[in-house]
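Each chain, written out:
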Amino acid sequence: MVNFVLRNYTDMIYGKDQETKTAKLIKDFGGTRVLIHHSGEDFVLELIERVKGYLDEEGLAWVELSGVVPNPHIELVYEGIALCRKENVDFILAIGGGSVIDSAKAIGIGTLYEGDVWDIYEGRDRQKRSLPVGVISTFAGTGSEATFGSVITKGKIKHGIEDPDDFVLIRPKFVIMNPEITYTVPKFQTAVGIADMLTHLTENFFTADPDNDLSDHLACAGIRTVLKFAPVVMQDPCNYEARGVLMVLSPLAINGIMKVGRWGDWGCHDIEHEMSGEWNISHGAGLAILMPVWMRYVYKDHMKSFIKFAVEMFRIPLDVDEPEKTALAGIRAYEDFLYNMLGLPSSLSALGIPPEELGEEVIHKVAEQVFYRGNETTGRTHPLRKADVVRILRQCTGLI
């Protein structure tokens, strides 16, 4: 078991009608003047209006900033910082999924930071303070509702804060999780959230630190849970039990609990952040394209793990005579889940990106950006160099 620091400050409030407690929770954490931050999408507007009523009833002042988009933009973060300073906001309420939460976190640290908050995302500086953030989750997938992480886009560059000790960015103080709120989430967003959550678990399954039975069992349990309940949600969006299981699993899949004492690989996440920055695609959709390509690129060097993945996750019988066939069958089963069950595109070109934007010059630029922090490799289980990333990205295009 590797050394670890596990900080879990986020209160998880689960169940029907729990959003009615929003104002009380904000007051419990010292909030008096609230920024309500959200996307402005149709499916969330009725909830926004109800929340405003809860705040009014408790005498909490509020201002509102909508407009968050996938791969949240630094320009809206700057607008939020200016608004918080002008209105003396002392608490930020994010109502939405990962993009809204990431944007809220950036506003939270930027409001108390004297310089340009983008410097923190580029790793040029660190910030140890933030306005407190609370979350009403509308979406199961990223897990940002209970982590220290935040990823923001500037132009075509997408950077995330890296600090496992939570000294740069605090976790949200609370997250309210009412599965009924997720019923109206569009089908594609539900699918990409599931793909993101599954990839978090899969990145941790393929570890360079195999001597940890506890986290191994937790990763396996998480993956099996997604495989069981995702088809239910896709066929019946209003299934409370299935929505609820995935909603609870979402933060647990990434907040450290299910990987305690081990390192996952996480190279795919490093690569995909740059993919979605360049091509403005959903993070979960990018991961659904990338992860199977990565699997086929590395499986021969990690045959034991891939055989275990096939046997334990997909119940594929072990081919004793040709075990490689078992490993490949597991990868095919994973692809079938992503592309046939979830209905996600299997390549960048299938996402509608034109061929002229998938050429060699762009691929090399994206690959170079993966190493912007000065690292020579990405991924712990199977370290990849730039040449490896270029080859993987070529396969992701769907043009070869």
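Structure shown above.
A few points on the structure.

How each quantity is defined
Residues numbered from 1 in each chain as written. Predicted model: local features only at pLDDT ≥ 70, side-chain atom pairs only at ≥ 80, totals over all residues. Heavy atoms only, no water. 1 Å grid on protein atoms, 1.4 Å probe; cavity = no way out; pocket = protein on both sides within 12 Å on 5 of 7 lines; lining within 4 Å. Points joined across faces, edges and corners; volume = space filled by probe spheres on them. Nonpolar A, V, L, I, M, F, W, Y, C, P; charged D, E, K, R; others polar. Core = buried A, V, L, I, M, F, W, Y, C linked by side-chain atoms within 4.5 Å. Buried < 20%, exposed > 50% of the residue type's maximum accessible area, 1.4 Å probe, protein only. Contact = heavy atoms within 4.5 Å. Helix = DSSP H or I, 4+ residues; strand = E, 2+ residues; numbered from the N terminus. Axes fitted to C-alpha atoms, helices over the stretch in contact; angles between N-to-C directions. Parallel < 35°, antiparallel > 145°, perpendicular 65-115°, else oblique. Left-handed = near helix turned anticlockwise from the far one by under 90°. Pairing = 2+ DSSP bridges. Patch = residues over 30% accessible without salt bridge, like charges linked within 9 Å, V, L, I, M, F, W, Y side chains within 5 Å. Areas by Shrake-Rupley, 256 points an atom, 1.4 Å probe, with all protein chains shown as cover. Salt bridge = Lys/Arg side-chain N within 4 Å of Asp/Glu carboxyl O.

So, the layout of surface pockets
In this structure, the second largest pocket occupies an estimated 300 Å³ of space. Looking at the lining of the second largest pocket, its residues break down into 3 nonpolar, 3 polar and 5 charged.

Let's talk about the nonpolar core
What tends to happen in soluble globular proteins is that the nonpolar side chains get buried as a cluster. Core analysis: the largest hydrophobic core is formed by 73 residues, its most contacted members being V226 and W294. Discounting chain neighbours no more than four positions away, the residues touching W294 are F206, D265, C268, F306, L384 and I392. The next biggest cluster of nonpolar side chains, apart from the first, holds 31 residues, and it includes I81, A104, M177 and M247.

Remarks on empty space enclosed by the protein
Gaps left between atoms are located by rolling a probe of water-molecule size over the structure's atoms. Throughout the structure, instances matching the rule amount to 1 cavity of 30 Å³ or more. Quantified by volume, the largest cavity comes out at close to 80 Å³. Lining the largest cavity are T138, F139, A140, T182, V185, T190, I194, V233, R243 and L246. Counting only elements with at least two residues in the lining of the largest cavity, the list comes to α6 (187–205) and α8 (240–252). Tallied by class, the residues present in the lining of the largest cavity amount to 6 nonpolar, 3 polar and 1 charged.

Quick notes on the packing of helix α11 (residues 303–314) against helix α12 (residues 323–341)
Any two packed helices are characterised by how steeply their axes cross, that is the angle between the axes, and by the distance between the axes. Two numbers describe how α11 lies on α12: the axes approach to 8 Å, and their chain directions differ by 55°. Considering their axes alone, α11 and α12 lie oblique with respect to each other. Where α11 crosses over α12, the two elements pack in a sense that is left-handed. Contacts from M303, F306, I307, F309, A310, V311 and F314 of α11 reach α12 at P323, E324, T326, A327, G330, I331, A333 and Y334. Classifying every residue of the contact of α11 with α12 by side-chain character gives 12 nonpolar, 2 polar and 1 charged.

Topic: the sheet that holds strand β3 (residues 61–65)
Across a sheet, strands are paired by hydrogen bonds formed along the backbone, either parallel or antiparallel in direction. Read across the sheet, 6 strands follow the order β1-β8-β5-β4-β2-β3 without closing on themselves; strand pairing throughout is parallel. Each edge of the open sheet is held by one strand with a lone partner, namely β1 (11–14) and β3. The average undirected angle you get between the axes of adjacent strands in this sheet is 20°. Contacting β2 (33–38), β3, β4 (91–96) and β5 (133–137), helix α2 (residues 42–57) runs over the sheet at an angle of about 175° to β2. Here helix α3 (residues 74–87) sits on the sheet in contact with β2, β3 and β4, set at roughly 160° to β3.

Examining the environment of G97
Within the element layout of this structure, G97 appears in the loop between β4 and α4 (98–111). Exposure remark for G97: the relative accessible area of 13% places this residue in the buried category. A sequence separation of 27 residues divides G97 from P70, and the C-alpha atoms of the two residues are 9.5 Å apart.

Side note on a nonpolar patch on the surface
Taken together, the side chains of M1, F4, L6 and I257 present a nonpolar region at the surface, about 380 Å² in accessible area. For F4, the position within the fold is in the segment before β1.

Some points on the pattern of salt bridges
For the structure shown, the criterion picks out 20 salt bridges. We note a salt bridge from E64 to K52, for which the minimum N-O separation is 2.7 Å. Linking E64 in strand β3 with K52 in helix α2, this pair joins segments that are 12 residues apart in sequence. Assessed through its relative accessible area of 32%, E64 is described here as partly exposed. Residue K386 pairs with E368 through a salt bridge whose shortest N-O separation is 3.0 Å. Linking K386 in helix α14 (residues 386–397) with E368 in helix α13 (residues 360–369), this pair joins segments that are 18 residues apart in sequence. Judged by its relative accessible area of 44%, E368 falls in the partly exposed class. One connected set of salt bridges, linked through shared partners, spans E19, E46 and R50.

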